[in-house]
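# Results of the structural survey
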Amino acid sequence: MLSQEMIKLGTQRSVIRELFAYGLQRAEVVGAENVLDFSLGNPSVPAPKEVQEAIIDIVKNNDPMVYHGYSTSQGHAGCRKAIAGNLNKRFNKAYSPNDFFITCGAAASLCITFRAVTASSQDEIIVLAPYFPEYKVFIEGQGAKMKLVPSRSDMKLNLEGIKKAVNKNTKALLINSPNNPSGVVYSKEEIKELSDYLMKMQEELSQTIYLISDEPYRELVFSDEPVPFIPHYYDNTIICYSWSKSLSMPGERIGYILVNDKCQDNETVMAAVGGAARALGYVCAPTLFQLVIEKCIDVKPNLEVYKKNRDILYEGLTKMGYKVAKPDGAFYLFIEAPNGNSEEFSEKAKAHDVLVVPGAGFGTDTHLRLSYCVDTEKCEKALPVFEKLIKEYK
Ligand code: PLP
């Protein structure tokens, strides 16, 4: 007998994928240049040339038995050393390679971490809306519960909501900044306030509460203000990172888990991470790309196009009267539907070949996600459509 739950998961419709597939169909009819598809979060900037050079160098000058072979379960030591060195330099820390577990991207980092920190179906992980829709699948897939905290209207961190959600069953709180789908970056004041509150609750409830920070967009920020480094504020931090977006290589499946060195019983937590990775079959991330990361650890993404697109859309849409949380990072805008009905707005936009994702899947159904990792020309072409649409509501 097959798992009914898994059949359901495997056949459930994904609004994002459906919109994307619709866009491909429409492109055959009206031409790809006339379909303004803002549905997918696939980087539109190619991987930096250093990545390609590193691949060629490794393949040309190294033993294939090494780069095509298994690494250790935890990951190639040179790769972990390079990551530790990079973070130590940037954030004045003293991490060792043993604080890292290399993974097949942030998705694997998250599943492993959820599995490691929860042990029963009563265990809860607090998630803040709006959120990356796969969180629900990842958490429930590990047998735990996702406890949702609604968003604030400005999409900033809803501490009041978190205070109502924390209880005896809370094992962890998950944050994602820069955020998918809002692009909002939490300030250091917000992180400090959250950390102080969690420390107080750990004492009050006599339990550990992990702060899991999902950071695939850490390097994608447009302001000069750096994204706060969570371990500076909270000891029991676990970071789930990936190079899918920052080095534009989501297909290569490469990321890591950092168990903060100050995390209580950090060696035991790392053992649980190793065990969870083993149980899930997520050991030995692709060796070739671990070697690439070792070489490219200091390479920075080119943010020029994303910033330009962000400016065009954010300024254009707010001038027209749309309510949009200011996105300081990632490549998403989260727009409030003029009458609060995002399904209806998405359908109306679709009739003009503008594809934007309604917010229900992100836990905030009044809003729409617009992924602006597209050609700038498409952002410019979409503005008159948005203007026409908002006028229909006035
Ligand atoms: N977390 C967030 C917030 C994301 O947006 C994504 C991918 O879009 C992931 C995790 C998964 O990233 P990866 O491709 O590294 O598995």
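It should be emphasised that the depicted structure is a prediction, and the values quoted were computed from it without experimental measurement. (Residues numbered from 1 in each chain as written. Predicted model: local features only at pLDDT ≥ 70, side-chain atom pairs only at ≥ 80, totals over all residues. Heavy atoms only, no water.)

### Description of the overall build of the chain
In terms of helices and strands, the chain carries 14 helices and twelve strands. A compact globule built from 394 residues should have a C-alpha radius of gyration of about 21 Å, and the chain, at 21 Å, falls within 12% of that. Dimensions of the chain along its principal axes, counting C-alpha atoms only, are 60 × 55 × 55 Å. In the chain, which comprises 394 residues, the share counted as buried stands at 53%. In the chain, once contacts between residues fewer than 6 apart in sequence are set aside, the share between residues at least 24 apart is 75%. (Helix = DSSP H or I, 4+ residues; strand = E, 2+ residues; numbered from the N terminus. Rg over C-alpha atoms; globule rule 2.2 N^0.38 Å. Buried < 20%, exposed > 50% of the residue type's maximum accessible area, 1.4 Å probe, protein only. Contact = heavy atoms within 4.5 Å.)

### Notes on the site of the ligand
Taken together, 14 residues lie near the ligand, and Ala106, Asp214, Tyr217, Ser242 and Arg253 sit nearest. One of the side-chain N or O atoms of Ser244 is found 2.8 Å from an oxygen atom in the ligand. Here Arg253 contributes a side-chain N or O atom positioned 2.7 Å from an oxygen atom of the ligand. If the ligand stood free it would expose 400 Å²; the protein chains cover 91% of that surface. In terms of residues, the shell around the ligand owes the most to one element, helix H6 (residues 105-117), which gives three residues. Across the shell around the ligand, the residue classes break down as six nonpolar, five polar and three charged. (Near = heavy atom within 4 Å. Polar contact = N/O pair within 3.5 Å; in protein donor to acceptor, adjacent residues only side chain to side chain. Areas by Shrake-Rupley, 256 points an atom, 1.4 Å probe, with all protein chains shown as cover. Nonpolar A, V, L, I, M, F, W, Y, C, P; charged D, E, K, R; others polar.)

### A short note on the nonpolar core
Counting 37 residues, the largest nonpolar core has Leu317, Tyr322, Leu370 and Phe386 as its most contacted members. Of all the elements in the fold, those that place two or more residues in this core are helix H12 (304-320), strand E9 (332-336), helix H13 (342-350), strand E12 (367-371) and helix H14 (376-393). Not counting residues up to four positions away in its chain, the partners in contact with Leu317 are Tyr322, Val324, Leu333, Ile335, Leu370, Leu383 and Phe386. In this structure, Leu19, Val35, Leu40 and Ala325 belong to the second largest nonpolar core, which totals 32 residues. (Core = buried A, V, L, I, M, F, W, Y, C linked by side-chain atoms within 4.5 Å.)

### A short note on the domain arrangement of the chain
Often the size quoted for an interface is simply the accessible area lost on bringing the parts together. According to the domain assignment, the chain consists of domain 1 (4-47 + 302-393) and domain 2 (50-296). Centre-to-centre separation of domain 1 and domain 2, based on C-alpha positions: 27 Å. Counting residues at the interface gives 28 residues for domain 1 and 28 residues for domain 2. Taken together, the two surfaces of domain 1 and domain 2 that pack against each other cover about 2,200 Å², and 66% of this comes from carbon and sulfur. Joining domain 1 to domain 2, the criterion identifies zero salt bridges. Viewed at the interface, domain 2 and domain 1 are joined by nine residue pairs in polar contact (both at pLDDT 80 or more). Class assignment for the residues of the side of domain 1 that touches domain 2 results in 16 nonpolar, seven polar and five charged. (Domains from an automatic or database assignment. Buried area = accessible area lost by both parts, 1.4 Å probe. Salt bridge = Lys/Arg side-chain N within 4 Å of Asp/Glu carboxyl O.)

### A few points about the sheet that holds strand E6 (residues 210-214)
Read from one edge to the other, the open sheet built from seven strands follows the order E2-E8-E7-E6-E5-E3-E4, with strand pairing classed as mixed. Looking at which strands have only one partner, the edges of the open sheet turn out to be strand E2 (100-103) and strand E4 (145-149). Neighbour to neighbour, the strand axes of the sheet diverge by 20° on average, direction disregarded. Where E6 meets strand E7 (residues 237-242), four bridges bridge the pair, whose relative direction is parallel. Each bridged residue has a counterpart across the sheet, and for Asp214 the counterpart in E7 is Cys240. (Pairing = 2+ DSSP bridges. Axes fitted to C-alpha atoms, helices over the stretch in contact; angles between N-to-C directions.)

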